[in-house]
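Take a look at the letters that make up each chain.
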Amino acid sequence: MLNASKSMSILSGACPYLARTGLSALEGMTARGLSTSAAGQARCSVCPGHTGQSALLAKASECPVVGPSIRAQDAAASKHAIPASCPFAKSDAVAASSSTPAERASSGAATAVPKQQQQAASAGPASHGSREATFDYEGMYQAKLAKKHADKSYRYFNNINRLAQRYPQAHTANAANIVTVWCSNDYLGQSKNPVVTDAMKMALDTYGAGAGGTRNIAGNSALHLRLEAELAQLHRKEAALVFSSCFVANDATISTLCSALPDCVIFSDKMNHASMIQGIRNSRARKHVFDHNDLAHLEQLLAQYPRSTPKMIAFESVYSMSGTVGRIPEICALARKYGAITFLDEVHAVGMYGPHGAGVAEHYDYEASLHAAPGQRIAGSVLDQVDIVTGTLGKAFGIVGGYIAASSSLVDMVRSYAPGFIFTTSLPPPINAGAVASIQYLHASQRERFLQQTHTRELKADLADAGIPVVPNPSHIVPVLVGDAERAKMASDMLLAKHNIYVQSINYPTVPVGEERLRITPSPGHDGFMRARLVAALDSVWSTLGLRRTADWARDGGRCGVGESRAHSELHVGWKRGVEHVWEDHQLKQAHDAELARKGGVPIKPAIPETVQQVISATMA
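Residues numbered from 1 in each chain as written. Predicted model: local features only at pLDDT ≥ 70, side-chain atom pairs only at ≥ 80, totals over all residues. Heavy atoms only, no water.

With an unreviewed UniProt entry as reference, the protein chain is termed 5-aminolevulinate synthase, source organism Coemansia erecta. Among the UniProt annotations of the protein chain, the heading Function (unreviewed entry) holds the following wording: "Catalyzes the synthesis of 5-aminolevulinate (ALA) from succinyl-CoA and glycine, the first and rate-limiting step in heme biosynthesis." Among the UniProt annotations of the protein chain, the heading Pathway (unreviewed entry) holds the following wording: "Porphyrin-containing compound metabolism; protoporphyrin-IX biosynthesis; 5-aminolevulinate from glycine: step 1/1." (UniProt positions renumbered as here; feature names shortened; annotations may be inferred.)

Participant: I'd like to hear about the packing of helix α21 (residues 447-465) against helix α23 (residues 528-545), residue by residue, with values.
Facilitator: Across the interface, α21 lies against α23 with an axial gap of 10 Å and an inter-helix angle of 30°. Taken together, the axes of α21 and α23 lie roughly parallel to each other. With respect to the hand of their crossing, α21 and α23 are arranged in right-handed fashion. Every residue of α23 that contacts α21 at His455, Glu458, Leu459, Asp462 and Leu463 is listed here: Arg531, Leu534, Val535 and Leu538. Looking at the contact of α21 with α23 residue by residue, the class counts come to five nonpolar, one polar and three charged. (Axes fitted to C-alpha atoms, helices over the stretch in contact; angles between N-to-C directions. Helix = DSSP H or I, 4+ residues; strand = E, 2+ residues; numbered from the N terminus. Parallel < 35°, antiparallel > 145°, perpendicular 65-115°, else oblique. Left-handed = near helix turned anticlockwise from the far one by under 90°. Contact = heavy atoms within 4.5 Å. Nonpolar A, V, L, I, M, F, W, Y, C, P; charged D, E, K, R; others polar.)

Participant: Provide a residue-level description of the nonpolar core, including the pertinent values.
Facilitator: Counting residues in hydrophobic clusters, the biggest one holds 64 residues, and the most contacted among them are Phe267, Ile313, Ile328, Val360 and Leu393. When near neighbours in sequence (up to four residues on either side) are disregarded, Ile328 contacts Phe315, Ser317, Leu344, Val360, Ala361, Tyr364, Val382 and Val386. Grouped together as the second largest cluster of nonpolar side chains are 26 residues, Leu257, Ile266, Met276 and Ile404 included. (Core = buried A, V, L, I, M, F, W, Y, C linked by side-chain atoms within 4.5 Å. Buried < 20%, exposed > 50% of the residue type's maximum accessible area, 1.4 Å probe, protein only.)

Participant: Outline the sheet that holds strand β10 (residues 402-406), supporting the account with residue identities and numerical values.
Facilitator: Ordered in space as β4-β10-β9-β8-β7-β5-β6, the seven strands form an open sheet in which the pairing is mixed. The open sheet has two edge strands with one neighbour each: β4 (239-243) and β6 (286-290). For this sheet the average axis-to-axis angle between neighbouring strands, irrespective of direction, equals 20°. As defined by bridge partners, strand β9 (residues 388-392) adjoins β10 across four bridges and the pair is classed as antiparallel. Bridging across to β10, Thr392 finds its partner in Gly402. Where helix α10 (residues 222-234) meets the sheet, it contacts β4 and β10, and its direction lies at approximately 125° from that of β4. (Pairing = 2+ DSSP bridges.)

Participant: With reference to specific residues and values, describe the packing of helix α9 (residues 194-207) against helix α20 (residues 429-444).
Facilitator: Contact geometry for α9 and α20: axes closest at 8 Å, N-to-C directions at 150°. One finds that α9 runs roughly antiparallel with respect to α20. Crossing angle aside, the handedness with which α9 passes α20 is right-handed. Along the contact surface, α9 presents Val195, Val196, Ala199, Met200, Ala203, Leu204 and Tyr207, while α20 presents Pro429, Pro430, Ile431, Ala433, Gly434, Ala437, Ser438 and Tyr441.

Participant: Explain the pattern of salt bridges to me, and be specific about the residues and the numbers.
Facilitator: Applying the stated criterion across every chain, the model contains 19 salt bridges. Between Glu458 and Arg531 there is a salt bridge; the shortest N-O distance is 3.0 Å. Of this pair, Glu458 sits in helix α21 while Arg531 sits in helix α23, placing them 73 residues apart in sequence. The exposure class assigned to Arg531 is buried, which follows from its relative accessible area of 15%. Bridged by salt links that share partners, the residues Arg162, Asp186 and Lys192 form one connected network. (Salt bridge = Lys/Arg side-chain N within 4 Å of Asp/Glu carboxyl O.)

Participant: Can you lay out the sheet that holds strand β2 (residues 169-171) for me, pointing to particular residues and giving the numbers?
Facilitator: Read from one edge of the open sheet, four strands run β1-β2-β3-β12, paired in mixed fashion. At either end of the open sheet lies a strand with only one pairing partner, and these are β1 (161-162) and β12 (501-502). Pairing geometry for β1 and β2, over two bridges, is antiparallel. The residue of β2 that forms the bridge with Arg162 is Ala170.

Put into structure tokens, the structure is as follows:
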């Protein structure tokens, strides 16, 4: 008895389940016997007189180590172990064996343990001295890559080295091979603006190259605070917070906020960026995906929940691969009606829209924003109705990094809880300085926005005349539809190899299968000569590869708005009904006249920085 007591003491000390049971009780359990099969002692709750499972075995079945083994033995022995005198248990066993897996799952019945798991559980600890083969990790990697190659979605990175003094030109791996870049997200050429680069050089000489740590540990500087103040002022919000990228900003903000809101429900546009989708996944909140820019579908989903339920509507202002524009005022109105907050991604709009470059939300109230004092809240404006704005410093502003702008309490909450902000090295001083300079420059200058929008309009018109299929939209993005991954890459390769023009092909998962495209982004520096060369090159490639033109898509019923009626495409492109461009004619004229006055009547030409004008002119000659 002493040895049994000692064994029970050791067992209870090793097992967290048995440790909850007193030693005397364990001895009592053991005394009542332990069957080698749990099924052999099956308890029937409706038949008196049956012995039932031993108490110790019942306790052991709860153990995560031996429990699976016991249940596996139960499953194997159940057909033979049911007492013949128990009609209730026998009928239950017959019903369970004849039901489908789906029926058993829906009834709450336990599913059978996979054979591999049964063997692992019954065998006990693995013997690493055996000759069992390890998992083929490299084989798995290669199989995943083979799948990408097979469906033609494997991505090849071109070696493109943009030349600061020959914007928008670059050289390939061969420095003598000069190409014209037509797909950069450095939309306004700010990465090469001397105002920006001079500020970065000064910060580099003064503060060094690195940040020195996280914001909490030696990585918080006056330049960080200045940058966040500039961003808050730009978006007329109480506060802003800077992240290492806008992917991180979106992921960290959505996941942190929506995991903290009790029973939060997220409503996400079907075409939202991967960073927002990742944040939604990481939040583990309930989500609904509404059709792109479909207000009726969004309202139908919102109406399922009471106003008291926390909700977030996540959407974008400019969708980068289609150029379509989110219906910001209408979505804000639905948010107010159903008690939701709005999360607006302005990544592809900041610097590009509005009289000061705050994005599409600012552009809706162009005149009011133009005349309001910097940072002043404009009550009732579209921008004022948006709860959370996210943006990037890495596109129109020409640097790198991401941010959010919102109320001071929301920003402080994210600052205090978001791992993506807390546990990463902060942006280096030169980056902060360059971003501040770029934001300030574009707050005052309309020149770059005027030229970029003008060049976009001219290119879209020329492509339409050539029958090249452009996905219709009111923004600065020029998506040229190909509709096949392999042929889209062939078109991109041919443009580069034969015409010295770089336009990257876009395929799944960035766009749906069957909607592969070339994505063109005109800049202030693309002049008429470059545009004529691009249109001619595209026309040649389309003829050589036999790609479908706009009329061909129309005969097939259209796709992505190409070859479809304007009334149909307007359901998805966003912006104001019946208005073709976000930048309307009278706004472009105002921007043009303002720049003429600011520059003393100097004509607006492609925005090559004045300080390097002579160098570039000599080089291009």
